[in-house]
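Geometric and topological summary
Okay, here's what each chain looks like letter by letter:
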Amino acid sequence: MERVLLIAGGGLPAELEFAALLAALEASGPPVEAAVKDLEVFSGATPPPGYDLGTEIDGVLRAADTRGWDTFHLVGYSGGGASALAFAAARPERLESLALVEPAWAGNWGWTDAHRAHWERLRALESLPPFEFLPAFLDLHVGPGAEVSPPFDPSAPPPPWVANRPAGIHAIIGAFLAHDLDRSALAAFGKPVYYALGGLSNQDEFGEIAAKLAGVFPDFRMEEFPDRHHLDPPHLAEPERVAESLRALWNRASERRETQRIPQL
C-alpha cells in the first residue's frame, strides 16, 4: 500500500484542503495510507520560537516516524510545497516521490528579474495591517484577469483558523529567504517529481519555479491545468485528474524501485 503525506499551505486547514483529493484517491484505485498535515508555522497562535524551515523538516519527520513510515510519498501545496522541497533536499532517503502543487518558493538562486520583482512586491506588503495584508497577498499569486473568491464567507465571522495566518505567513516568508536550499541535493534526487501548474496563476512566480526545477530534478514532469490558479488549485477543483496523476507518479516510483532490485549483469 502506498503511504503518502500531504502538506497544506497558508490557506485552508489540511483536512479541508485535501478532502476532495483523498476522496478521489479512495475512489480511483487500490487503498492508500494517507495523512494530511498543516505547516508547523500554524501550529499555535503565533509561530514557534526560532521558527525556520528546519522546523518544517522536523515536523515532516515526526509525522512519518509517528506512523512508522521508513519511506513515503510527499505532496505539498504552496507553502507546503516549499517545505516539501526543503525536506527532499535534506532527507531524500525518506522519500519515494515528490509532488508539488505550485510551491510558494524554490530556493534563492536563479531568480529572473520578473521573479525578483514579484518578491519585492511581496515584501512590500509586510507593513500592511492584517485585514489588508491577506487580500493583497492572495492577489499576488494569480495572473491578470483571474477571478479570486475568498476561502470563507466574508459576510460571516472569519473561522478560527484565519487568526494566525498573517503572522505565520510573515514568518514563513522570512524563513524562505533565510534558507539555503541545496541545489546540488535536488539535482541528486533521483526519485520521480511531479509539478502541477495552474494556467491562470502568476507565471512570474509559479511558472518560473516550474521552469527552474525542470532544469534541476533528473526525473521531473509538469502538468498544466489551464483553467486553474493558485487560489482555485487543481487538487480542489479537479481532484480526480490530480488523483490519476499522483497514481501515475507512484507507479513510476514503484518501477524505479523494481529496476534497482534487478541485478545488473
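Quick note: structure is the one above.
A brief report on the enclosed structure follows. (Residues numbered from 1 in each chain as written. Predicted model: local features only at pLDDT ≥ 70, side-chain atom pairs only at ≥ 80, totals over all residues. Heavy atoms only, no water.)

Observations regarding the overall build of the chain
- When you go through the chain residue by residue, the secondary structure sums to 11 helices and 6 strands.
- For 265 residues, the compact-globule estimate of 2.2 N^0.38 gives 18 Å, and the C-alpha radius of gyration of the chain, at 18 Å, lies within 12% of that figure.
- In terms of principal-axis extent, the alpha carbons of the chain reach across some 65 × 40 × 40 Å.
- The proportion of buried residues among the 265 residues of the chain is 50%.
- Restricting the contact set of the chain to residue pairs at least 6 apart, pairs at least 24 apart contribute 77%.
- When the accessible surface of the chain is totalled, it reaches about 11800 Å², and 55% of it is carbon and sulfur.
- Separation between the mean location of the 21 positive side-chain charges and that of the 37 negative ones in the chain comes to 7 Å. (Helix = DSSP H or I, 4+ residues; strand = E, 2+ residues; numbered from the N terminus. Rg over C-alpha atoms; globule rule 2.2 N^0.38 Å. Buried < 20%, exposed > 50% of the residue type's maximum accessible area, 1.4 Å probe, protein only. Contact = heavy atoms within 4.5 Å. Areas by Shrake-Rupley, 256 points an atom, 1.4 Å probe, with all protein chains shown as cover. Lys, Arg positive; Asp, Glu negative; His and termini not counted. Charge placed at Lys NZ, Arg CZ, Asp CG, Glu CD.)

Details of the environment of A253
- Structurally, A253 can be placed in helix α11 (residues 239–261).
- Residues A253 and S97, spaced 156 residues apart in sequence, show a C-alpha to C-alpha distance of 6.2 Å.
- Apart from residues lying up to four places away in sequence, A253 is in contact with H73, E96, S97 and P192.

A closer look at the pairing of strand β3 (residues 72–77)
- Most of β3 sits inside the fold, with 6 of its 6 residues counted as buried.
- Where burial is concerned, the two faces of β3 agree: the one with F72, L74 and G76 and the one with H73, V75 and Y77 are both buried.
- Of the strand pairs in this sheet, strand β1 (residues 2–7) and β3 are connected by 4 bridges, and their pairing is parallel. Bridging across to β3, L6 finds its partner in V75.
- Read as a crossover between parallel neighbours, the route from β3 over helix α4 (residues 79–90) to strand β4 (residues 95–101) is right-handed. (Pairing = 2+ DSSP bridges. Right-handed = clockwise from strand over helix to strand, strands pointing away.)

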